[in-house]
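# What the coordinates show
In case you want the letters, here they are:
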Amino acid sequence: MSKKNILTPEVDQLLKKMDRICHDLAWNRFEPADELFEMTRQKIYPESIAKLAESFGMMLVKVEAREYRMEEMLKELQQAKKQLLKENAGLKMGLRDRFSSKSIIAQNPEMRKVLDQVERVADTSANVLITGETGTGKELIAKALHYNSFRGPGPFVAVNCSAVPENLFESELFGIEKGVATGVAMRKGLLEQAQGGTVFLDEIGEMPFSCQAKILRAIEEREIVRVGGKKSIPVEIRIVAATNRELKTESASGTFRSDLFFRLNVISLNLPPLRERMEDIPLLVKKFIDMHCKNMSRTPMKISAEAMNVLLNYSWPGNVRELENEVERLVALSYSTTIRLEDLSEGIRCSDPSGLEPFSRDDYSFENKTAEQTNTAASEPAALVQSLVESEKHLVEKALKFSRGNKTQAARLLGISREGLRKKMKRLFESDG
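On a predicted model such as this, the values are computed, not experimentally measured, just so you know.

Rules of the game
- All residue numbers refer to positions counted from 1 along the written sequence of the respective chain.
- Local features in this predicted model are restricted to residues of pLDDT 70 or higher, and side-chain atom pairs are both shown and tallied only at a pLDDT of 80 or more, whereas totals for entire chains, interfaces and linings draw on every residue.
- With hydrogens and water stripped out, all remaining heavy atoms of the structure feed into the side-chain values.
- When accessible area is computed with a 1.4 Å probe and restricted to protein chains, residues below 20% of their type maximum are described as buried, those above 50% as exposed, and intermediate ones as partly exposed.
- Put simply, DSSP H or I for four residues or longer makes a helix, DSSP E for two residues or longer makes a strand, and each gets a number counted from the N terminus.
- This arc describes the spread of directions from the helix axis toward the C-beta atoms.
- Nonpolar cores were defined as sets of buried Ala, Val, Leu, Ile, Met, Phe, Trp, Tyr and Cys residues, with membership established by side-chain atoms within 4.5 Å.
- Here a polar contact is taken to be a pair of N or O atoms separated by no more than 3.5 Å, where protein atoms must pair a possible hydrogen donor with a possible acceptor and residues adjacent in sequence count only if both atoms sit in side chains.
- Strands are treated as partners if at least two bridges between them are detected by DSSP.
- All axes here are fitted lines through C-alpha atoms, helices being fitted over the stretch that makes contact, and every angle between N-to-C directions spans 0 to 180 degrees.
- Here, a salt bridge means any side-chain nitrogen of Lys or Arg that lies within 4 Å of a carboxyl oxygen of Asp or Glu.

## Describing helix α18 (residues 407-414)
- Turning to α18, its buried residues number three or more, namely A410, A411, L413 and L414. For α18, the angular spread of the buried residues around the axis is 160 degrees, confining them to a single face.
- G415 lies just past α18 and shows a positive phi near 75 degrees.

Following this line, the structure appears as structure tokens:
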């Protein structure tokens, strides 16, 4: 067939139509394929031209279908993004509520004073130094400062200064550049990861002296340089530090850099030990009981007046952390829904309360035995001793069952040493024989 015969007006119109389709596709404009199929259905075109036009039509149909699916996928992604943003906002609001200073249990005047200060300084960028014994809740206060400030949506990065080896300190906190050593990839340090948020330097007093100058410069200059790098990287972060040591004394003696101490100690918050805020114990005990009952799917529990009285007159060297651990053990091991005196760990039950001012049960409200009932029980020593022996047996048996016979774990649950458990088992069970 000659070229003249192929390029008829109809063929020329069809080719121009296909040319427009290619041009529109290049600009993301799509025309329906129906018109193209209708033109080729007239049987007025050479077979090769008709097949080419039909292929163009099929291509157009597939491209339109793909574009439609892409639009649908984009809509789905946008909806998923909105849902994630909504859930993320909800989670952040939950964290804000959870770590609000108002949600922290405190009736003690000194603790209330600390929480009032937290509310006042949370929305500032001033560095804060939190002091207090181990277990008093320093990290909880640090999180309250973070999540109740404008930095709340940003990251909260906690650094245990005592756990970072001296030779890895710089790379852990400041990061490392790619190619410093064979196979080493670029890695952001903890300070850079906290961009826009808060860095919590826990146990700052344990930081090696040689590392203190490096962290001081980062705090002062608000910029870091990765290991092996040359470029300074600005870091917009808030520094909250915590320690159970007397940094003022140590800075005076030269064991802690005085310039770092003054830089950290812009605002000082000192948390009182639990033995100085005994009025908070009943509320803390109830909170921990409810929390661990929920976590362990146990029936709601309460504590007897006798057991509470012992808790009130214990010195709590481990502070709130020790109290929570004790309550968790009680919830795990208690047979009934009432925690009794004999359920308490031996170290607490047999502790010497001398030196502590006894707290009266009458100061607190319990749904348990009255003081008169307690006195009656105490007037029957033989029955009480027998009851304690039976309760000890039950607790030991339950601890062993809970730990699947592992005596070390059982002893830990009971709050005694493994040797103490061995002696207790010998006394309680061998005497039966």
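Structure shown, so let's carry the discussion forward.
## Things to note about the nonpolar core
- Core analysis: the biggest nonpolar cluster contains 31 residues, and V159, L173, L191, V199, L201, I204 and I215 have the highest contact counts within it.
- Where this core is concerned, the elements lending two or more residues are β2 (156-160), α7 (169-174), α8 (190-193), β5 (198-202), α9 (209-221), β8 (238-243) and α11 (258-264).
- If one sorts the elements of this core by residue count, α9 sits on top with five residues.
- Grouped together as the second largest cluster of nonpolar side chains are 26 residues, L274, V285, L311 and L344 included.

## Structural notes on the environment of N148
- Within the secondary structure, N148 sits in the loop between α6 (138-147) and β2.
- Sequence separation between N148 and V118 is 30 residues; the distance between their C-alpha atoms is 9.1 Å.
- Within the structure, the side chain of N148 is placed 2.9 Å from the backbone oxygen of A144, a separation counted as a polar contact.

## Digging into the sheet that holds strand β1 (residues 128-131)
- One open sheet accounts for five strands, arranged β2-β5-β8-β1-β9; its pairing is parallel. Since the sheet does not close on itself, it has two edges, and those belong to β2 and β9 (267-270), each with one partner. Taken over all neighbouring pairs, the strand axes of this sheet differ in orientation by 20 degrees on average, direction set aside.
- When β1 meets β9, the two strands line up parallel, connected through four bridges.

## A closer look at the pattern of salt bridges
- This model, assessed by the stated rule, comprises 20 salt bridges.
- As a salt-bridge pair, E236 and R151 come within 2.9 Å of each other at their nearest N and O atoms. Taken together, the residues span a long stretch of sequence, with E236 in the loop between β7 (233-234) and β8 and R151 in the loop between α6 and β2 at a distance of 85 residues.
- Its relative accessible area of 42% is what places E236 among the partly exposed residues.
- You can call R151 buried: its relative accessible area is 2%.
- With a shortest N-O distance of 3.7 Å, D343 and R340 are connected by a salt bridge.
- On the basis of relative accessibility, which here comes to 31%, the residue R340 falls in the partly exposed class.

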